[in-house]
Amino acid sequence: MSLLTDLINLNLSDCTNKIIAEYIWIGGSGMDLRSKARTLSGPVADPSKLPKWNYDGSSTGQAPGEDSEVILYPQAIYRDPFRRGNNILVMCDAYTPAGEPIPTNKRCNAAKIFSHPDVAAEEPWYGIEQEYTLLQKDVKWPIGWPLGGYPGPQGPYYCGVGVDKAYGRDIVDSHYKACLYAGINISGINGEVMPGQWEFQVGPSVGISAGDELWVARYILERITEIAGVVLSFDPKPIKGDWNGAGAHTNYSTKSMRNDGGYEVIKKAIEKLGLRHKEHIAAYGEGNERRLTGRHETADINTFLWGVANRGASIRVGRDTEKAGKGYFEDRRPASNMDPYVVTSMIAETTILWKP
Amino acid sequence: MSSLSHLINLDLGRTTKKIIVEYIWIGGSGMDLRSKARTLPGPVTDPSELPLWNYDGSSTDQAPGNDSEIILRPQAIFKDPFRRGNNLLAMCDCYTPAGDPIPTNKRFNAAKIFKHPDVVAEEPWFGIEQEYTLLQKQVKWPLNWPVGGFPGPQGPYYCGVGADKSFGRDIVDAHYKACLYAGINVSGINGEVMPAQWEFQVGPATGISAGDQLWVARYILERITEIAGVVLSFDPKPIPGDWNGAGAHTNYSTKSMRSDGGIHVIKKAIEKLGLRHKEHIAAYGEGNERRLTGRHETADISKFSWGVANRGASIRVGRDTEREGKGYFEDRRPASNMDPYVVTSMVAETTILWKP
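Report on the accompanying structure. No experiment lies behind these values; they were computed from the predicted model shown.

**So, the overall build of chain B**
- Summing up its helical and strand segments, chain B has 10 helices and 13 strands in all.
- Viewed in the frame of its principal axes, chain B has a C-alpha envelope of about 60 × 55 × 40 Å.
- Buried residues in chain B amount to 57% of all 356 residues.
- Residue pairs at least 24 apart in sequence account for 64% of intrachain contacts in chain B once pairs closer than 6 positions are excluded.
- For chain B, the exposed surface amounts to about 14,700 Å²; the carbon and sulfur share of it is 52%.
- Side chains of chain B carry 41 positive and 41 negative charges; the gap between the two charge centres is 2 Å.

Okay, here's the thing in structure tokens:
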């Protein structure tokens, strides 16, 4: 199929000023990514210069058939690693024709929180550790796992190497480079404890951009698994039993936490999070109760506890931070299928704006 | 097959001034595309520089064996994305040796309509949304559908991403770039509601060129599916049951509709179309009655209706157009297997020339 590849890889910059912009949005389930492309005169680097667009909301569970238009507002631009050249990916959020955010648009509210002067002054940084599982295409079972059976128990797979320990590295490595090419701040990757499960980290990102970058990284990952013929799962507990779940641990710091004396600010913030544990858990992803059992490096979903270097806690503070007296902390509660707009803005809101 | 690709991709520009021109025409069924190539001195920048040619009409059901020559008249040229260099694709229409258009030549009449001074003055623009389905080669079943079964119901596939939601993106992406390279005004692409169904849009294109561009875009698509080993279908209802059909929604505007007060011109035009509903439907594609059922985002074939943002109507006016008081409208009735020469010229004729 190299002739097909020749066409896919055509560099149009030699023959036209036109660019292709892939508009990406989140569909009606809150987790399904959708996208479509349009031709524009390019190049374009500023999302405010991109035209608004619209799509058929009745096909994504977001509008009725007789009034189906949902409007797309471009919010962030990244280089397209698939089409390359001057072509772009555009992360959008969704509005009614009257200009109201539709109910599944979580970005709008998050952007409001991040625009609040008190929050902006604290420059909130996020590092999100996105875990995910790769499944076979024709049967809902992880790649590399024998059909009708299980691989050997967990132990050899975490950061493992070798055909009997690492399943799907191609996908992970191409995703890593594709995201860096796109301009997404991927800070690292690793193989996870359960075979067929991987993790990438996005960050540090400031404010709303953490959500934008994570969603586009998820999109790029799903495009890559599509090419590889493998199904991507963000289920927080894909396999029952003695197999790890998948989370989206969210590392967080504010200006005050990063400065001298920050450790006290961190402790106060953790206290506030403890007082709103139920509210946060409700917003931290569907099905999380199957994952947060108190086993497999999680804390029980009903218990809030924190500790230094403690992976069995709701919140973990790193030894570096404890030693330096400043730094950041890790909220280990969010599930892999969380919405980063919701989680990042809620943490900022609770720790900076909320008064108990 | 790398040595074959090497030969296919030879850049002849360095060794000769000769170019290869692929003459394309429509065969006896009105939907079957045909083509053959010839060597000419190059470069060529205008279709009038290309010689007339001829072909064996008795092999395409367009002439009897004892008087088989059909004359090809080049009408539009595009850069050849397969041979690249200075090589060309030439869209032609067909005549008897005496110079009359043969019965299947629909371009001739369309060109007459588009040359009428009243039509020329209105500068009719068209944007055609061509939907199509990709089928497996060995069995007449959509690409990646389980043989002997069905994929999960419609919902996740519209603009979807992922190996379990998007089937055949390679073809779509190669087609997008190939058409832009060729000089065809493809304005966008998207995955459709039924899995393995896709859409590309050509336009805005003025007058006769909408038909030329769409036919060559269809040709390029069929060349690409040929490379991919996949069968291209323009059937308007490829799978009976709760699966969307395939259309060729035709967006349309005239100078008056695009100017201030245009919304009234639009409403009058829609009224006229309503009065000729039966005539238009008869020319809008074979088998359309299987598709226009009133379900799956269509209006019933025997009823004429229109509405703003209403995807269940025969004609849809966008919210933008309603708000600005000018713009364009979308005729949602044409089937995917319509002839764009017929549909575009008929819409222009009814709305500009016809008096009720």
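More follows now that the structure is in view.
**Concerning unusual backbone geometry**
- Omega for the bond connecting Gly42(A) with Pro43(A) falls within 30 degrees of zero, at -10°, which places this linkage in the cis form.
- Mapped onto the secondary structure, Pro43(A) falls in the loop between strand S2 (33-41) and strand S3 (53-56).
- The peptide bond linking Gly203(A) to Pro204(A) adopts the cis configuration, its omega dihedral lying at -5°.
- Mapped onto the elements, Pro204(A) comes out in strand S8 (residues 197-206).
- With a phi angle near 50°, Arg84(B) is a residue other than glycine that sits in the positive phi range.
- Counting through the fold element by element, Arg84(B) comes out in the loop between strand S4 (69-79) and strand S5 (88-95).
- Residue class for Arg84(B) comes out buried when judged on its relative accessible area of 18%.

**Structural notes on the nonpolar core**
- Ranked by size, the top nonpolar core spans 79 residues in total, and within it Tyr132(B), Ile184(B), Phe200(B), Ile220(B), Ile224(B) and Phe329(B) carry the most contacts.
- Sort the elements by how many residues they give to this core and helix H5 (residues 208-228) of chain B lands first, with 11 residues.
- Dropping the residues within four chain positions of it, Phe329(B) is found in contact with Thr250(B), Asn251(B), Tyr252(B), Met257(B), Ile266(B), Ala269(B), Ile270(B), Leu273(B), Ile315(B), Arg316(B) and Val317(B).
- Within the second largest apolar cluster, 66 residues are counted, among which are Tyr132(A), Cys179(A), Phe200(A) and Trp243(A).

The rules behind each value
- Residues numbered from 1 in each chain as written.
- Chains lettered and ligands numbered in written order.
- Predicted model: local features only at pLDDT ≥ 70, side-chain atom pairs only at ≥ 80, totals over all residues.
- Heavy atoms only, no water.
- Helix = DSSP H or I, 4+ residues; strand = E, 2+ residues; numbered from the N terminus.
- Buried < 20%, exposed > 50% of the residue type's maximum accessible area, 1.4 Å probe, protein only.
- Contact = heavy atoms within 4.5 Å.
- Areas by Shrake-Rupley, 256 points an atom, 1.4 Å probe, with all protein chains shown as cover.
- Lys, Arg positive; Asp, Glu negative; His and termini not counted.
- Charge placed at Lys NZ, Arg CZ, Asp CG, Glu CD.
- Core = buried A, V, L, I, M, F, W, Y, C linked by side-chain atoms within 4.5 Å.

Interpretation in functional terms is not warranted from these geometric data alone.
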